[in-house]
Amino acid sequence: MVKHTTTKNPILAFALPLAILAFGCGPVYYFYGFNFFLPMEMKMLGLSSQEWNSILQDKTLLILGGHHRGGTTLLWEMLKLHPEVSNFGTTFETGSDFSEGVFLQDVLPMFGIGSEGLQSTTGNTRIENKGLGQYALAPEAEVHWTEENHREAVTLSNRDRVLNQWGHYWKANDGFKQEKKVWMEKSPTNAVVSRYIQALFDLGLVTGGLRRSRSKFVFLMRDPIANAYAHRAGFAGCKGLSLDVLMNNWLQIANYVTSDVRDGHLQYAKILTLEELTEHPQRVYTELLTFLDLRVEQDVVDRAVAMVKANPNDKYKAKFCRDVFRGGLDAGRAQFEAFHDKFGDAVKEYGYHLEEYFNACPQLTERVREETTAAAGPPGEESNEPDL
């Protein structure tokens, strides 16, 4: 009896697992690039505290923050155009969603953002007060990092670690060239950790010098109803969150930002609104360049302004109106009054007025028009009402 044997081809032996790996990782690589697959330690510089003190002498660290879906990415894209600004590069270059620095370091908190679908083993997709749309609702000591409540973490080792991690991307985008005066980082969560960041990056700063801090902060706010609906539209993990939760999260972030700026905790800080930016982009952008001590170059301003789309909140206003009046006009009025009682006075402190949404709803304006027409009577018919 002849015994048949087969010889295994080592190339074929690896072909199937390699094909499976390529099929699974290919889409990830296409979107996030090679850096996504590298461990953190391979994406760091190795500069010492003394080297960073020297480098930062003529650099300004621009930190952008605000509400998620509030316009921080638009502002970041506009500022990237300036030749004196260094940024992290694209999502493909960084391996991070929207090139946000919070995902490219391990010192600052991430508040469960980016892992909403992995936060529970009980069958639910979210854990209370974690992740997008609700992270700011956790206790203040957990969310609002300051130089006081996290003073034990304000250390040179932490400073150098973050700088070496972010510096990897600044360097890749010409940040170490002399003409790059401003190094920019954008993460919405900077809104609640700005005081800690300022204290961290100012370690080693010579006191009594011309500048009071190495960092400058720019925060962006957006109409709270539009912001809430934008969360639901843009993030799968937020679709199940109630409007009340999203509004309360917005209010808490707004409170931390405005109090930090108003009470003088931040040496250089500016609060903008998306509405202001989209209505007057040239003026706002030019003023921002002046705040950052950057040259105002008209061609850069023109290209930045061209990126702005007008009326970004309109589609969310229409969705809000449809939701409110889904049960009819009278039910809608009652529902809005209850909503206004909860949030009207609170959001007014930040310059927003909920009644403007309601009064502009076409469902309401159409009924008012019908009632006005009915009260006036048919065309040409004189009213029997006495003159007042």
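All values derive from a computational prediction rather than experimental measurement.

Enquirer: Can you tell me about the overall build of the protein chain, naming the residues and giving the values?
Expert: On a plain count of helices and strands, the protein chain comes out with 16 helices and 5 strands. With 388 residues in all, the protein chain has 46% of them scored as buried. Restricting to contacts in the protein chain with at least 6 residues of sequence separation, those with at least 24 account for 74%. Of the accessible surface of the protein chain, which amounts to about 20400 Å², a share of 56% is contributed by carbon and sulfur atoms.

Enquirer: An account of the pattern of salt bridges is needed here, citing residue identities and associated values.
Expert: Within this structure, the stated rule accounts for 19 salt bridges. Among the ionic pairs, Lys-80 bridges to Glu-77, the shortest N-O distance being 3.5 Å. Remark: Glu-77 and Lys-80 occur in helix H3 (residues 72-80); sequence separation between them is 3 residues, near one turn of the helix. Given a relative accessible area of 22%, Lys-80 falls into the partly exposed group. Looking at Glu-77, the relative accessible area reads 27%, which means it is partly exposed. As a salt-bridge pair, Arg-283 and Glu-276 come within 3.6 Å of each other at their nearest N and O atoms. Relative accessible area serves as the criterion here: at 27%, Glu-276 is assigned to the partly exposed category.

Enquirer: Tell me about the confidence of the model for the protein chain, and name the residues and values.
Expert: Across the protein chain, the average pLDDT comes to 85, with 82% of residues at 70 or higher. A low-confidence stretch, residues 2-7 (pLDDT under 50), is modelled with 0 contacts involving residues beyond four sequence positions or located in other chains. Ignoring residues within four places in sequence, the model shows residues 379-388, a span with pLDDT below 50, making 1 contact including any to other chains.

Enquirer: Tell me about the nonpolar core, and please be specific about residues and values.
Expert: Core analysis: the biggest nonpolar cluster contains 71 residues, and Phe-201 and Phe-339 have the highest contact counts within it. It is helix H9 (residues 243-262) that contributes the most residues to this core, 9 residues altogether. The residues touching Phe-201, leaving out its near neighbours within four places in the chain, are Leu-61, Ile-63, Arg-159, Val-162, Leu-163, Trp-166, Arg-214 and Ser-215. Of all hydrophobic cores here, the second largest spans 26 residues; its members include Leu-64, Met-184, Leu-274 and Val-301.

Enquirer: Can you explain helix H12 (residues 298-306)? Please cite residues and give values.
Expert: Every α-helix carries 3.6 residues per turn, so stepping three or four residues along brings you back to the same face. Buried within H12 are the following residues: Val-300, Val-301 and Ala-304. The buried residues of H12 all sit within an arc of 100° when viewed along its axis, so they share a single face. On the buried face of H12, the contacting elements are H3 and helix H11 (281-291).

Enquirer: How would you summarise the sheet that holds strand S2 (residues 85-86) if you had to cite specific residues and measurements?
Expert: Here 5 strands make up an open sheet; going across it, the order is S2-S3-S1-S4-S5 and the pairing parallel. Here the strands that pair on one side only, and so sit at the sheet edges, are S2 and strand S5 (269-273). Here strand S1 (residues 60-66) pairs with strand S4 (residues 215-221) via 6 bridges, running parallel. The residue of S4 that forms the bridge with Leu-64 is Val-218. Across the sheet, H3 is in contact with S1, S2, strand S3 (182-186), S4 and S5; its angle to S1 comes to roughly 155°. Sitting on the sheet, H11 is in contact with S4 and S5, with an inclination near 170° to S5.

Basis of the calculations
Residues numbered from 1 in each chain as written. Predicted model: local features only at pLDDT ≥ 70, side-chain atom pairs only at ≥ 80, totals over all residues. Heavy atoms only, no water. Helix = DSSP H or I, 4+ residues; strand = E, 2+ residues; numbered from the N terminus. Buried < 20%, exposed > 50% of the residue type's maximum accessible area, 1.4 Å probe, protein only. Contact = heavy atoms within 4.5 Å. Areas by Shrake-Rupley, 256 points an atom, 1.4 Å probe, with all protein chains shown as cover. Salt bridge = Lys/Arg side-chain N within 4 Å of Asp/Glu carboxyl O. pLDDT = per-residue confidence, 0-100. Core = buried A, V, L, I, M, F, W, Y, C linked by side-chain atoms within 4.5 Å. Arc of directions from axis to C-beta. Pairing = 2+ DSSP bridges. Axes fitted to C-alpha atoms, helices over the stretch in contact; angles between N-to-C directions.

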